[in-house]
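One letter stands for each residue in the lines below.
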Amino acid sequence: MGIRRYKANNAARRNMSVSDFAELTKGAKPEKSLLRPQKRCSGRNNQGIITVRHRGGGHKRKYRLVDFKRNKDGIPGRVLSIQYDPNRTARIALIQYRDGERRYIIAPDGLKENMTVNSGPAAEPVLGNCIPLAQIPLGSEVHNIELRAGQGAAMCRSAGSKAVLVAKENDWAQITLPSGEIRRIPSACRAVIGVVGNIDQMNIVIGKAGRMRWLGRRPYVRGSAMNPIDHPHGGGEGRTKGGRHPVSPTGKPTKGTSTRKHKKASNSSIIRRRRSRRYGVLKLY
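Anyway, here's the lowdown on the structure attached to this text.

Cut-offs applied
- Residues numbered from 1 in each chain as written.
- Predicted model: local features only at pLDDT ≥ 70, side-chain atom pairs only at ≥ 80, totals over all residues.
- Heavy atoms only, no water.
- Pairing = 2+ DSSP bridges.
- Helix = DSSP H or I, 4+ residues; strand = E, 2+ residues; numbered from the N terminus.
- Axes fitted to C-alpha atoms, helices over the stretch in contact; angles between N-to-C directions.
- Phe/Tyr/Trp six-rings, centres within 6.5 Å; stacked < 30°, edge-to-face > 60°.
- Buried < 20%, exposed > 50% of the residue type's maximum accessible area, 1.4 Å probe, protein only.
- Lys NZ or Arg CZ within 6 Å of the ring centre and 35° of its normal.
- Disulfide = S-S within 2.5 Å.

### Some thoughts on the sheet that holds strand β13 (residues 163-169)
Strand pairing within a sheet occurs via backbone hydrogen bonds; the two strands may be parallel or antiparallel.
Next, step 1: The seven strands are arranged β9-β16-β10-β13-β14-β15-β17 in an open sheet whose pairing can be described as antiparallel. Because the sheet does not close on itself, it has two edges, and the strands there are β9 (130-132) and β17 (270-272). Strand-to-strand, the axes of this sheet are offset by a mean angle of 45 degrees, without reference to chain direction.

In structure tokens form, the structure reads like this:
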């Protein structure tokens, strides 16, 4: 697992980098029974209206069914291969359980071929095992964390993500998320021991606009370069800075303003808010 840099033989190649894919199993092919066709929506809803901007195009992909619930309790599984997934930044591992069933899981850093993973309350707290938070030692690094027991992993699923279990009290556990937020979760919820693999993903330099188009990301246009009918920042004689605080195309503030719902049910589970990227202090909602 590392980064390979290109020679700067032209402007597009300068500073461009790509993963070396050293952790992948050579010659491994996707499991056909776990592939599904993926329909593109280009950021549009069921009415054809764009609800997510700058989406569209990209290379054709097939979706890999990833097991986020890890509910094969008491049945050990052997790692057949570590594979690339075009739909996520993390690597995936193909697991074959003792009963013959095969499933994909998010591959933690350090997981190798022929290693064994287990799930359930009786499993040991070692790399790749999925067990309830109540059975995980304090200070352990975990990922693929459930918010409700049996729902399936919802947090810390991208490349290099991890959370730290800092406390346990009665039926609750406290974890520190990568953003600095401290949240309490029912101790019956499950998590996987370890850190999500492909840690160097964050250091990859795209290098040119064409690579973003391959990923399905369309160009971004500044609001100040638009007309007044298209964006609140648009218009004006000559180049302007907008003349107002930054807002979205719909007029909502984009900097320093909370976008989280004040009556959201999970607000009571947050013990300490995440740190603000703008001011470097705790952000209060």
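### A word on the packing of aromatic side chains
Next, step 1: For the coordinates displayed, the defined rule picks out one aromatic pair.
Next, step 2: On the numbers, 6.0 Å between centres and 85 degrees between planes, the contact of F21 with Y84 is edge-to-face. With F21 in the loop between β2 (17-19) and β3 (35-37) and Y84 in the loop between β5 (77-83) and β6 (92-97), this residue pair connects regions lying 63 residues apart in the sequence.
Next, step 3: Overall, the relative accessible area of 34% leaves F21 in the partly exposed class.
Next, step 4: Lying across the ring of Y97, K72 places its NZ or CZ 5.5 Å from the centre.
Next, step 5: Looking at R184, its charged tip hangs above the ring of W172, at a distance of 4.1 Å from the centre.

### Structural notes on the state of the cysteines
Each disulfide is one covalent bond, formed between the sulfur atoms of two cysteines.
Next, step 1: One pass over the full model with this rule turns up zero disulfides.
Next, step 2: Left without a disulfide partner, C156 is nearest to the cysteine sulfur of C189, which lies 13 Å away.
Next, step 3: We classify C156 as buried; its relative accessible area is 12%.
Next, step 4: The thiol of C189 is not disulfide-bonded; the next cysteine sulfur, from C130, is found 11 Å away.

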